[in-house]
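Listed below, chain by chain, are the residues.
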Amino acid sequence: MTGMVNATQELAAFLRDRRERLTPADLGLPPRRQARRTPGLRREEVAELAGVSTDYIVRLEQGRGLRPSADVLEALSRALRLNADERAYLFDLAQQRQPNAGKPATVPAPALAMLVHDLSPLPAMLINHRYDILAWNREMSRLIIDFDTVPPRQRNSMWLCLMDPSMRDFYVERERIIREGVADLRAAWAAHPDDQALGDLIAEFTAHSAEFEAGWARHDVRVQGRGAKPLRHPIVGRLVVNYEVLMPVQDPDQRIIIYRAADADSQTALDRLMADPAPLVDRTPAAELTPPS
């Protein structure tokens, strides 16, 4: 994909990054007698912990075309103290997982679209692994944006957050929201290496959003299943929503996102918003949402 590193280069960069984040003290190793000029563990320390040669670690970190076995990846995961999401990402980069059956979902599963509708009055929407918004209910449109007015090409929650000027102040903790979204999208990219549309989307974000580019350079990977989002709504002002992400077993590439008020004041704001007879919030005319060329 244009403008993006390939999986071998990313595997090398990811291993280097995680090695440099650790210190001997993190692993219970004795302190070094001499200070190092570079941060983190030495390659020979990682090699010893993983039970491989130092030369093998060097070649991996140089992206010299090695394809580690599942056993080696497991040993590296333990040596580098990777969490569950990082471990899955490492395996995906090395193409050691079974490929996903079928093509990534681009249309909503009918049963899931119906469920999103039935979740009213809770705001809910259905997305795929790319953050494409596949279905939504009235409450979610009132809270976020009138998705019916957004061209399908731009009906993507990450695109709207990064590229729609009217969304710039919507998330109070914008930096965190983008950082978590990038870490989630990185995991999706590794799990779907043949998804050209996803690769093109990441390349577009990297080229046109300094926020995304900075987040991508961190090599963070994490699938965020729940949390809180303080919002700055143009009609009802400040409120906080808790969100929960549900991943159906039958359609694992699709996710249902449900919002709930985090406190009494936020519930009052939501109730007032849903009762308002005014049209749904349409912050920016669709004609002005054309992505940069």
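First things first, this report covers the structure right here in the doc. (Residues numbered from 1 in each chain as written. Predicted model: local features only at pLDDT ≥ 70, side-chain atom pairs only at ≥ 80, totals over all residues. Heavy atoms only, no water.)

**Remarks on unusual backbone geometry**
Both trends apply: most residues other than glycine have a negative phi, and most peptide bonds are in trans.
Line of reasoning, step 1. Note the cis peptide between Ser120 and Pro121, where omega equals 15°.
Line of reasoning, step 2. Of note in the backbone geometry, Gln95 takes a positive phi value of approximately 55° without being a glycine.
Line of reasoning, step 3. In this model, His219 sits at a positive phi of 60°, which is unusual for a non-glycine residue.
Line of reasoning, step 4. Note that His219 resides in the loop between helix H11 (210-216) and strand E3 (226-233).
Line of reasoning, step 5. We classify His219 as buried; its relative accessible area is 14%. (Helix = DSSP H or I, 4+ residues; strand = E, 2+ residues; numbered from the N terminus. Buried < 20%, exposed > 50% of the residue type's maximum accessible area, 1.4 Å probe, protein only.)

**Some details on the side chain of Arg155**
Line of reasoning, step 1. Within the secondary structure, Arg155 sits in the loop between helix H7 (138-143) and helix H8 (157-163).
Line of reasoning, step 2. Buried and without a salt bridge, Arg155 has Asp148 as its closest oppositely charged side chain, separated by 5.4 Å.
Line of reasoning, step 3. Setting aside chain neighbours within four positions, we find Arg155 in contact with Tyr131, Asp132, Ile133, Trp136, Phe147, Asp148 and Val150. (Lys, Arg positive; Asp, Glu negative; His and termini not counted. Salt bridge = Lys/Arg side-chain N within 4 Å of Asp/Glu carboxyl O. Contact = heavy atoms within 4.5 Å.)

**Side note on the nonpolar core**
Line of reasoning, step 1. In terms of nonpolar packing, the biggest core is built from 71 residues, with Leu76, Leu143, Ile144 and Phe205 touching the most fellow members.
Line of reasoning, step 2. For this core, the leading source of residues is helix H9 (residues 174-191), giving eight residues.
Line of reasoning, step 3. Counting residues in each nonpolar core, the second largest holds ten residues, with Leu112, Leu119, Ile256 and Ile258 among its members. (Core = buried A, V, L, I, M, F, W, Y, C linked by side-chain atoms within 4.5 Å.)

**A word on the pairing of strand E4 (residues 237-246)**
Line of reasoning, step 1. Here eight bridges tie E3 to E4, and the two strands are oriented antiparallel to one another. Its bridge partner lying in E4, Gly227 is registered against Tyr243.
Line of reasoning, step 2. As consecutive antiparallel partners, E3 and E4 are separated by three residues.
Line of reasoning, step 3. Relative to strand E5 (residues 254-261), E4 is paired through six bridges, and the arrangement is antiparallel. Counterpart to Val241 in the pairing with E5 is Ala261. (Pairing = 2+ DSSP bridges.)

**A closer look at the pattern of salt bridges**
Line of reasoning, step 1. Taken as a whole, this structure holds 21 salt bridges when the rule is applied.
Line of reasoning, step 2. Its salt-bridge partner being Arg130, residue Asp132 comes within 3.3 Å of it at the nearest N-O pair.
Line of reasoning, step 3. Taking relative accessible area as the criterion, Arg130 reaches 10% and is therefore assigned buried.
Line of reasoning, step 4. Between Arg255 and Asp184 there is a salt bridge; the shortest N-O distance is 2.8 Å. You can see Arg255 sitting in strand E5 and its partner Asp184 sitting in helix H9, a full 71 residues away along the chain.
Line of reasoning, step 5. Taking the relative accessible area as the measure of exposure, Asp184 reaches 2% and is therefore buried.

**What to know about the packing of aromatic side chains**
Line of reasoning, step 1. Counted under the stated rule, the structure contains six aromatic pairs.
Line of reasoning, step 2. Through a chain of ring-to-ring contacts, the aromatic side chains of Trp189, Phe205, Phe212 and Trp216 assemble into a single cluster.
Line of reasoning, step 3. Positioned over the ring face of Phe91 is Arg87, at 4.5 Å from the centre of the ring. (Phe/Tyr/Trp six-rings, centres within 6.5 Å; stacked < 30°, edge-to-face > 60°. Lys NZ or Arg CZ within 6 Å of the ring centre and 35° of its normal.)

**Structural notes on the side chain of Thr206**
Line of reasoning, step 1. Assignment of secondary structure puts Thr206 in helix H10 (residues 196-208).
Line of reasoning, step 2. By relative accessible area, which is 16% here, Thr206 ends up buried.
Line of reasoning, step 3. At a separation of 2.8 Å, a polar atom in the side chain of Thr206 contacts the main-chain carbonyl oxygen of Ile202. (Polar contact = N/O pair within 3.5 Å; in protein donor to acceptor, adjacent residues only side chain to side chain.)

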